[in-house]
Amino acid sequence: DKLIATEYLTTFSKLIRTLFQNSDKRQISLYDELETCRLYTKLEAMRLNGKLKYNFDINTDLDLKSLMVPALIVQPFIENAIWHGIVPKEKEGEVNVTVTGNHEEIVCTIDDNGIGRMLSLLNSPDLSLNHESRGERISQARLDIERILYDISATIKTIDKYDDDDKSQGTKVIITFKLQ
């Protein structure tokens, strides 16, 4: 299908161009980071051919262009949600990215209805139950460096979601950027 192939290649080329533009920068705006995440998620949804639904709900009143963050600070959590939560799921899955805030902080939430972290670990024979997400550890370390160098404060919180029968309902990651 030429139309789908063209759309895929166009999106892919935009993503690569964005990654190259940001590759030599220590920080980028949260706006640019979210644009990169949109392109990445769109590509994954196309690749998964209808298995992945996604939504970006970003408060347009926030000045995301003035908040500088490390490049690819949000994207790994979206990637984890897709690869470890949605892909192994039998049914269609969904990833929702929400950005809210006020004059004190901006909160970015990545919420999926995948299989959850515990089942994902059990499905991965090379990972132990004591495994800590490398992406989460690296992201937190990068935020810690930003705090030391630029006095920028941010936290990452991961929540395993369960229903009343203790069945996994996915994972929610909350990244909070404190504003100065």
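Everything discussed here concerns the structure shown above.
The notes below deal with the structure included here.

The subject of this paragraph is the packing of aromatic side chains. Per the stated rule, a full pass over the model turns up 1 aromatic pair. Where Tyr54 meets Phe56, the ring centres are 6.2 Å apart and the plane angle is 80 degrees; that geometry is what we call edge-to-face. Residue classification places Tyr54 among the partly exposed residues on the basis of a relative accessible area of 33%. Judged by its relative accessible area of 12%, Phe56 is buried. Looking at Lys65, its charged tip hangs above the ring of Tyr31, at a distance of 4.7 Å from the centre.

The next subject is the sheet that holds strand E5 (residues 105-112). Reading across the sheet, the 5 strands line up as E2-E4-E5-E7-E6 and stay open at both edges, with mixed pairing between neighbours. The strands lining the two open edges of the sheet, one partner per strand, are strand E2 (52-58) and strand E6 (153-162). Neighbour to neighbour, the strand axes of the sheet diverge by 10 degrees on average, direction disregarded. Of the strand pairs in this sheet, E6 and strand E7 (residues 168-178) are connected by 10 bridges, and their pairing is antiparallel. Looking at the pairing, Ser153 lines up with Lys178 of E7. Against the sheet, helix H3 (residues 75-86) touches E2, strand E4 (93-101), E5, E6 and E7, its axis set at about 155 degrees to E4. Across the sheet, helix H5 (residues 134-150) touches E6 and E7, and the angle it forms with E6 is around 155 degrees.

Reading guide: rules and limits
Residues numbered from 1 in each chain as written. Predicted model: local features only at pLDDT ≥ 70, side-chain atom pairs only at ≥ 80, totals over all residues. Heavy atoms only, no water. Phe/Tyr/Trp six-rings, centres within 6.5 Å; stacked < 30°, edge-to-face > 60°. Buried < 20%, exposed > 50% of the residue type's maximum accessible area, 1.4 Å probe, protein only. Lys NZ or Arg CZ within 6 Å of the ring centre and 35° of its normal. Pairing = 2+ DSSP bridges. Helix = DSSP H or I, 4+ residues; strand = E, 2+ residues; numbered from the N terminus. Axes fitted to C-alpha atoms, helices over the stretch in contact; angles between N-to-C directions. Contact = heavy atoms within 4.5 Å.

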